[in-house]
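Residue-level listing of the chains:
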Amino acid sequence: AYYNNQVYIISGSETKRFDPVANTWTTLAAPPYSFYGQKFDYDGNDKIYVWGGARYFFQGAPTTNGYVYNLATNSYTIIPNTGAPVARAGHTLCAGNGGFMVWGGSTSTGFAPSTAESLRSGGLFFLNAQNVTVTLPLGPLYMYEKK
């Protein structure tokens, strides 16, 4: 995520900030969970939302775990997974307006999910003060293509 002329990277068990002008890296607070293939997005308001992924590189089941990184305080808030959509990896995450949406992905732990493992569903997550709530599971969504 790019914020205030610096780049933020959340990868595995590390959070780092890169300053391209000074060409320096800063280690920040460690995330509460370490997953491969988790998705994250910056919301434009000092928050980076992170959700899903799998415990190991294409091994182990996908997760419903997630958290919010607060750039201003260098701290994390765990997202409760009560009411969360089905666990997934390889999904899309879009943030904005105090929350985020996850969509698609797969329940598979391998490189080539079957049609049954591919998801056409998702959910909305909202951050209100310090409480993160999951609302309105979504699905299915269909895409129409003009030929």
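One numbering rule holds for all chains: residues counted from 1, following each sequence as written. Per-residue local features of the predicted model are confined to residues with pLDDT of at least 70, and side-chain atom pairs are confined, for both listing and counting, to 80 or more; whole-chain, interface and lining totals are unaffected and use all residues. Excluded from the side-chain calculations are hydrogens and water; all other atoms, namely the structure's heavy atoms, are used.

Chemist: How should I be thinking about the overall build of the protein chain in this particular structure?
Modeler: Counting its secondary structure elements, the protein chain contains zero helices and 14 strands. Secondary structure elements of the protein chain occur, N-terminal to C-terminal, as β-β-β-β-β-β-β-β-β-β-β-β-β-β. Pairs of residues are marked as contacts when any of their non-hydrogen atoms sit within 4.5 Å. In the protein chain, the proportion of contacts linking residues at least 24 apart, taken out of those at least 6 apart, comes to 43%. Accessible surface is estimated by sampling points in the Shrake-Rupley manner with a 1.4 Å probe; for residues, cover comes only from the protein chains shown. Roughly 8,400 Å² of accessible area belongs to the protein chain as shown, and the carbon and sulfur atoms make up 54% of that amount. By the criteria applied, helices consist of DSSP H or I runs no shorter than four residues and strands consist of E runs no shorter than two, each listed in order from the N terminus.

Chemist: Would you take a moment to explain the packing of aromatic side chains for this structure?
Modeler: How two aromatic rings sit relative to each other is given by the distance of their centres and the angle of their planes. By convention, a stacked pair of Phe, Tyr or Trp rings (six-membered ring in the case of Trp) has centres within 6.5 Å and planes under 30 degrees apart, an edge-to-face pair has planes over 60 apart, and any other such pair is tilted. This model, assessed by the stated rule, comprises six aromatic pairs. When the ring of Tyr33 is compared with that of Tyr67, the centres are 6.2 Å apart and the planes differ by 35°; the resulting orientation is tilted. Separated by 34 residues along the polypeptide, Tyr33 in the loop between β4 (24–27) and β5 (39–42) and Tyr67 in strand β9 (residues 66–70) bring together distant segments of the chain. Assessed through its relative accessible area of 23%, Tyr33 is described here as partly exposed. Note on exposure labels: buried denotes an accessible area under 20% of the residue type's maximum, exposed denotes more than 50%, and partly exposed covers the range between, all computed with a 1.4 Å probe on protein chains only. Residue classification places Tyr67 among the buried positions, given a relative accessible area of 1%. Each ring, one from Tyr67 and one from Tyr76, has its centre 5.1 Å from the other, and the planes form 85°; the classification is edge-to-face. Among the aromatic side chains, those forming a connected cluster through ring pairs are Tyr8, Tyr33, Tyr67, Tyr69 and Tyr76.

Chemist: Is there a simple way to explain the sheet that holds strand β10 (residues 75–79) in this structure?
Modeler: Strands in a sheet are paired, the pairing made by backbone hydrogen bonds, and the direction either parallel or antiparallel. A pair of strands is labelled paired if DSSP reports no fewer than 2 bridges between them. Strand order in the open sheet made by the four strands is β5-β6-β9-β10, with antiparallel pairing throughout. Only two strands of the sheet have a single neighbouring strand rather than two, namely β5 and β10. With strand direction ignored, the average angle separating the axes of adjacent strands in the sheet is 20°. As paired strands, β5 and strand β6 (residues 47–51) are joined by four bridges and run antiparallel to one another. Bridge pairing in β6 links Phe40 to Val50. As a rule, the C-alpha atoms of each element are fitted with a line to give its axis, helices using only the stretch in contact, and angles between N-to-C directions run from 0 to 180 degrees.

Chemist: Could you clarify how one ought to interpret the pairing of β6 in this entry?
Modeler: Regular strands place side chains that alternate from one sheet face to the opposite one. Counting buried positions along β6 yields five of five residues, so the element is predominantly enclosed. Going residue by residue along β6, you find Lys47, Tyr49 and Trp51 tucked away on one face and Ile48 and Val50 tucked away on the opposite face as well. The hairpin formed by β5 and β6 contains four residues between the paired strands, and Gly44 there has a positive phi angle of roughly 90°.

Chemist: Quick question: what am I supposed to make of the nonpolar core here?
Modeler: If you look at soluble globular proteins, the nonpolar side chains tend to sit buried side by side. As used in this record, nonpolar core signifies buried Ala, Val, Leu, Ile, Met, Phe, Trp, Tyr and Cys residues forming a set joined through side-chain atoms within 4.5 Å. Core analysis: the biggest nonpolar cluster contains 10 residues, these being Tyr8, Ile10, Leu28, Tyr42, Ile48, Val50, Tyr67, Tyr69, Leu71 and Tyr76. For this core, the elements supplying multiple residues, two or more each, are β2 (6–11), β6 and β9. Counting residues in each nonpolar core, the second largest holds nine residues, with Tyr49, Trp51, Val102 and Phe125 among its members.

Chemist: Before we go on, may I ask you to explain unusual backbone geometry in this structure?
Modeler: When glycine is set aside, most residues are seen to have a negative phi, and most peptide bonds are trans. Within the chain, Asn23 stands out as a residue other than glycine whose phi angle is a positive 55°. Here Asn23 lies in the loop between β3 (14–19) and β4. Look at Asn23 and you get exposed, because its relative accessible area is 57%. Located in the positive-phi region is Asn74, a residue other than glycine, with phi close to 55°. Looking at the element boundaries, Asn74 is found in the loop between β9 and β10.

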